[in-house]
Amino acid sequence: MAFNATIQHQSGHTRRGSDSPADSRSQPSPEHGPKVGSIVAIDDDPLTLRLLSAHLSKAGYDHKTADNGTDGLELVDDSTAVVVLDLRLPDLSGFQILQYLKEHHVNVQVIVLTGSDQVKDAVEAMRAGAFQFVTKPFDPDQFLVFIDKAFNSWKVADENTNLKSAHSQSVPVREMESTADVHVRLMQQVDQIASLDSTVFIGGETGTGKSTIARMIHQRSKRSAGPFVTVNCASLPRDLIQSELFGHTKGSFTGAVTDRIGHAEVADGGTLFLDEIGDLPIDLQPKLLTFLQERTVRRLGASESNKVDVRLVAATHHDLAALCRQGLFRQDLYFRLLVLNLELPALRHRTGELPNIANSIIEAVCERQGISRKTISSRAMEMLEQHAWPGNIRELENVLERATAFAKSDAIEPQDLLFSNAVFDQRTLTESSLEPTPAAIGFQLAGKTLEEIERAAIIETLDMLGGNKAKSARTLGISEKSIYNKMKRLKIEY
Ligand SMILES: Nc1ncnc2c1ncn2[C@@H]1O[C@H](COP(=O)(O)OP(=O)(O)OP(=O)(O)O)[C@@H](O)[C@H]1O
């Protein structure tokens, strides 16, 4: 891979790639005023770069250019809104760059500008997440329209990300109101754990509130002003976990095109929450153990370690002791994690508490949706109490959110409750802990109107297929147009 290629700037001068990107920025023209967010154009054709540069400057866009992929990627940072990308470059392929951008700069919009008019390239680029595919020679006016649209798209995505991160830092967890012994005891334990600074392990079935409790512990601890960083060990690609957790240096592996700080360092001064720790691959477990023992981080490819001040909270729905017995989890790590242990009860075991929890959820949902407070009829509450809740509080929230939205009167009635056959991990349930009840066997057909059954079938299919309408329509044996019509008619918002 050519790392010493040159960067060309809008002025037409050619320089080595190590110059500060800031001094390569064009001045926005007063005619259009400055725009927040910048553009990086990557193309090995000097004429195209000059043309692009001239049009972007005229339209007031802050931009930088590079004549190869490696240097181009170095120019991309948090302020980059749009990347204009050639597919054929001397060092990396445009598709490699596109994939890298989609993984590491998710909000950046990529406009592919290429000499290739191959349909398969266009299809592949759009599939890989390109915003637009444009062939050369390009029409400047139309091109600027695409840039404008891509910019708007980035702005929306960026605002959402900022909102999410601000939210995750500052908005306190809205606690359920419950005076039941089990809840009061749990909150006392949370307070006690929060006052200490040791590693915490939270166990419990899926949806019992492990992530929520982890956040509460952080918010009630002396670290509350610091970051709360979540890493989901089950959803990270296996070969990226180490670099995501501990960071890497440029060139330490294929695709490591820049230095990157890991989540453990981001959490410095705060709490690192390792969710689904039971899914951490066994070969990475010694690295976590070393981190827990030494509280230092060595980025992949680095020769030195950095000290970090982090409190670790870990959680999993797996039985960690059983994983140890099966040789899937290291016992030494297990004991390091279980300094303070909190086991969250399944909803079906929170006897007598369900009405309180349900009412608290309904209140929160109505408040969030800005609608007047709904109640729940005693028959509907009875149905809730009969259900086995394999998906626990999360499943209860889903059922009540849907019921609140579709209840025809001020009170939620049995017909408003739709128990989907929640997708949950069977491993978390033992035979004896889940007694089948009539309501637990999914949606009851008898006694329902055809319209209710149709509605349930559509919602459950959408649930099952992650909301994909085309796939759901095919599964239901109807056209895509019909599913939209039916969703409209049956007031299904998905
Ligand atoms: N004590 C609580 N106060 C308020 N809401 C709660 C509480 N416990 C759980 N919830 C709600 O229940 C839902 C599930 O909680 P959470 O995501 O924390 O569960 P989890 O055990 O981490 O799930 P998973 O194992 O699937 O990651 C969330 O939407 C959360 O709002």
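Keep in mind it's a predicted model, so treat the numbers as computed, not measured.

What counts as what
- Residues numbered from 1 in each chain as written.
- Predicted model: local features only at pLDDT ≥ 70, side-chain atom pairs only at ≥ 80, totals over all residues.
- Helix = DSSP H or I, 4+ residues; strand = E, 2+ residues; numbered from the N terminus.
- Contact = placed C-beta atoms within 7 Å.
- Axes fitted to C-alpha atoms, helices over the stretch in contact; angles between N-to-C directions.
- Parallel < 35°, antiparallel > 145°, perpendicular 65-115°, else oblique.
- Left-handed = near helix turned anticlockwise from the far one by under 90°.
- Near = placed C-beta within 6 Å.
- Nonpolar A, V, L, I, M, F, W, Y, C, P; charged D, E, K, R; others polar.
- Domains from an automatic or database assignment.
- pLDDT = per-residue confidence, 0-100.
- Buried ≥ 20, exposed ≤ 12 C-beta atoms within 10 Å, placed from the backbone.
- Arc of directions from axis to C-beta.
- Pairing = 2+ DSSP bridges.

1. A closer look at the overall build of the protein
Per the secondary structure count, the protein includes 18 helices and 16 strands. Residue pairs in contact within the protein that sit at least 24 positions apart in sequence constitute 71% of those at least 6 positions apart.

2. Points about the packing of helix α6 (residues 181–195) against helix α7 (residues 210–219)
Axes are the key here: two packed helices are described by the angle between their axes and the distance separating the axes. Interaxial distance between α6 and α7 falls to 8 Å at its minimum, and their mutual angle equals 50°. As the angle between them shows, α6 and α7 are arranged oblique. The handedness of the crossing between α6 and α7 is right-handed. Contact with α6, carried on its side by V190, I193 and A194, involves I213, M216 and I217 of α7 and no other residues of that element.

3. Side note on the site of the ligand
Around the ligand sit 16 residues, and of these G209, K210, S211, T212 and I393 come closest. Of all the elements in the fold, those that place two or more residues in the shell around the ligand are α7 and α15 (392–406). Considering only residue class, the shell around the ligand consists of two nonpolar, eight polar and six charged. Two domains share the shell around the ligand, each providing at least three of its residues, namely domain 2 (181–345) and domain 3 (364–489).

4. Quick notes on the confidence of the model for the protein
Residues with a pLDDT of 70 or more make up 83% of the protein, whose mean pLDDT is 80. A low-confidence stretch, residues 422–443 (pLDDT under 50), is modelled with 36 contacts involving residues beyond four sequence positions or located in other chains. With pTM at 0.58, the complex prediction returns an ipTM value of 0.96.

5. Some remarks on helix α3 (residues 94–104)
Regarding α3, the residues found buried are G94, I97, L98 and L101. Within α3, the buried residues cover an arc of 100° as seen down the axis, which keeps them to one side. Considering only its buried residues, α3 is in contact with β3 (38–42), α2 (69–75), β5 (80–85), β6 (109–114) and α4 (119–127).

6. Quick word on the sheet that holds strand β4 (residues 63–66)
Spatial ordering of the open sheet is given by β4-β3-β5-β6-β7, a layout of five strands whose pairing is parallel. Either end of the sheet is taken by a strand with one partner, and the two such strands are β4 and β7 (132–135). On average, each strand axis in the sheet is tilted by 20° relative to the strand beside it, whichever way the strands run. As paired strands, β3 and β5 are joined by five bridges and run parallel to one another. The residue bridging A41 from the neighbouring strand is V84, located in β5. Along the sheet, α3 makes contact with β3, β5 and β6, crossing β5 at roughly 165°.

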